[in-house]
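One-letter residues, chain by chain:
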Amino acid sequence: MASESREEDAYRDILLIMDLLTQLLSKDFIDFSLTEDDENQEPEPNIQAADIALYGLNIIMPLMDAELLKFPALCSRYYKLITFISEIYPDKICQLPQQLFQNLMASIDIALVSFSSEITHLCMEFLAMVSTYVATTREPLQPHTTAMLEPFLKLVFDMLLHQNFDVDLTSSASVTLFTLICCFQEQYKRLVEALIAAQTDAAVSQRLVDAFTNLTPAETPLTPTRVNKIAFRRNFERYMGGIKAVLCMK
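Residues numbered from 1 in each chain as written. Predicted model: local features only at pLDDT ≥ 70, side-chain atom pairs only at ≥ 80, totals over all residues. Heavy atoms only, no water.

## Notes on the overall build of the protein
Working step 1: Within the protein one finds 12 helices and two strands.
Working step 2: Counting every position in the protein, which comprises 250 residues, the buried fraction comes to 43%.
Working step 3: Here the protein has roughly 13,800 Å² of accessible surface; of this, 52% comes from carbon and sulfur atoms. (Helix = DSSP H or I, 4+ residues; strand = E, 2+ residues; numbered from the N terminus. Buried < 20%, exposed > 50% of the residue type's maximum accessible area, 1.4 Å probe, protein only. Areas by Shrake-Rupley, 256 points an atom, 1.4 Å probe, with all protein chains shown as cover.)

## Thoughts on helix α5 (residues 98–114)
Working step 1: Helix length check: α5 (17 residues) gives 24 Å between terminal C-alpha atoms against 24 Å at 1.5 Å per residue, within 8%.
Working step 2: Listed in full, the buried residues belonging to α5 are Leu 100, Phe 101, Leu 104, Met 105, Ser 107, Ile 108, Ala 111 and Leu 112. Along the long axis of α5, the arc covered by the buried residues comes to 150°, so they all point the same way. (Expected span 1.5 Å × (residues − 1). Arc of directions from axis to C-beta.)

## Things to note about the nonpolar core
Working step 1: Judged by nonpolar contacts, the single largest core of 76 residues is most densely connected at Tyr 78, Tyr 79 and Phe 212.
Working step 2: At nine residues, helix α6 (residues 117–136) tops the list of elements feeding residues into this core. (Core = buried A, V, L, I, M, F, W, Y, C linked by side-chain atoms within 4.5 Å.)

## Digging into the pattern of salt bridges
Working step 1: Going through the model one piece at a time under the given rule, you end up with three salt bridges.
Working step 2: A salt bridge links Lys 80 to Glu 118, with the shortest nitrogen-to-oxygen separation between them at 3.9 Å. One end of the pair, Lys 80, is in helix α3 (residues 72–88); the other, Glu 118, is in helix α6, and 38 residues separate them in sequence.
Working step 3: On the basis of relative accessibility, which here comes to 41%, the residue Glu 118 falls in the partly exposed class. (Salt bridge = Lys/Arg side-chain N within 4 Å of Asp/Glu carboxyl O.)

## Quick look at the packing of aromatic side chains
Working step 1: Applying the stated criterion across every chain yields a total of six aromatic pairs.
Working step 2: A ring pair is formed by Tyr 78 and Tyr 79, whose centres lie 4.8 Å apart and whose planes are at 75°; its orientation type is edge-to-face. Residue Tyr 78 shares its accessibility class with Tyr 79, and that shared class is buried.
Working step 3: Taking the centre distance of 6.2 Å and the plane angle of 25° together, the rings of Phe 157 and Phe 212 count as stacked. With Phe 157 in helix α8 (residues 151–162) and Phe 212 in helix α11 (residues 202–215), the pair connects residues that are 55 residues apart, well separated along the chain.
Working step 4: Since its relative accessible area comes to 4%, Phe 212 is described here as buried.
Working step 5: Three or more aromatic residues joined by ring pairs form one cluster here, namely Tyr 78, Tyr 79 and Phe 115. (Phe/Tyr/Trp six-rings, centres within 6.5 Å; stacked < 30°, edge-to-face > 60°.)

## Some thoughts on the environment of Gly 56
Working step 1: Mapped onto the secondary structure, Gly 56 falls in helix α2 (residues 49–60).
Working step 2: Gly 56 sits in the buried class, given a relative accessible area of 7%.
Working step 3: A C-alpha to C-alpha distance of 9.4 Å links Gly 56 and Leu 20, two positions 36 residues apart in sequence.

## Description of the environment of Glu 193
Working step 1: Looking at the element boundaries, Glu 193 is found in helix α10 (residues 185–197).
Working step 2: Between the alpha carbons of Glu 193 and Leu 208 there is a distance of 9.8 Å; along the sequence they are 15 residues apart.

## Topic: the packing of α8 against α10
Working step 1: Interaxial distance between α8 and α10 falls to 11 Å at its minimum, and their mutual angle equals 40°. Like other packed secondary-structure pairs, α8 and α10 cross with a definite hand, here right-handed. Between α8 and α10, the residues in contact are Leu 153, Lys 154, Phe 157, Leu 161 and His 162 and Gln 187, Tyr 188, Leu 191, Val 192 and Leu 195, respectively.
Working step 2: Grouping the constituent residues of the contact of α8 with α10 by class yields seven nonpolar, two polar and one charged. (Axes fitted to C-alpha atoms, helices over the stretch in contact; angles between N-to-C directions. Left-handed = near helix turned anticlockwise from the far one by under 90°. Contact = heavy atoms within 4.5 Å. Nonpolar A, V, L, I, M, F, W, Y, C, P; charged D, E, K, R; others polar.)

## Observations regarding the packing of α5 against α6
Working step 1: Packing of α5 against α6 leaves a shortest axis separation of 9 Å and a crossing angle of 140°. On the basis of their axis angle, the class for α5 and α6 is oblique. Once α5 is placed against α6, the crossing between them reads as left-handed. Across the interface between the two elements, Leu 104, Met 105, Ile 108, Ala 111 and Leu 112 of α5 pack against Ile 119, Thr 120, Cys 123, Met 124, Phe 126 and Leu 127 of α6.
Working step 2: In terms of residue class, the contact of α5 with α6 is built from 10 nonpolar, one polar and no charged. (Parallel < 35°, antiparallel > 145°, perpendicular 65-115°, else oblique.)

## Looking at the state of the cysteines
Working step 1: Considering all chains together, one arrives at zero disulfides under this definition.
Working step 2: With no disulfide of its own, Cys 75 has Cys 123 as its nearest cysteine by sulfur position, at a separation of 8.0 Å.
Working step 3: Exposure remark for Cys 75: the relative accessible area of 4% places this residue in the buried category. (Disulfide = S-S within 2.5 Å.)

See below:
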């Protein structure tokens, strides 16, 4: 009973913190400007709402575990919060300290395969936002950012090709796959080559070669612009069914 009570207390506390953080994100910055009494002090820079939200995440992340995420309301609020942050401030997500970023990405990893379609959709959006930033930024990235993002290319690739994927998630998942491809083009090439090389039937191999060539044609640059995302999504919807059909024939 004591254990259940502590878990419920933690649930309520974390839920309250996430609600507060979400409210803060509706503001562009938190105004800690000096009052008249402080006019002789050196001015402090404005603190963005995302800084506070990420600081809050740093507090609650160690408390989040698989058991707490089984609470639907808590689970939904958490993934909505981190997706909201990634949409507005993907740069700050990518600048997180290694341990916090690792915990964050681990929570995305778990959710992609363990929770509802709504949560999977939010995680796909999160990955698309972060990988779009990684693929387009000219700012130097921390090595752990790309190192921890890269495994999601294969995860999403395998989910779409080899699993019974929710058809309602196809649109968001295809955009996520494309943005990850843009980040890790050589790794994607190796994934496709390995898949084709694993086929024992030459006709099947050729059909896969043709399908993947049509999926990423030369006229669609591997840069995650809105136009290119739409073009890839159309190709994905047109050719992915054929790719999966070929793999199911094995």
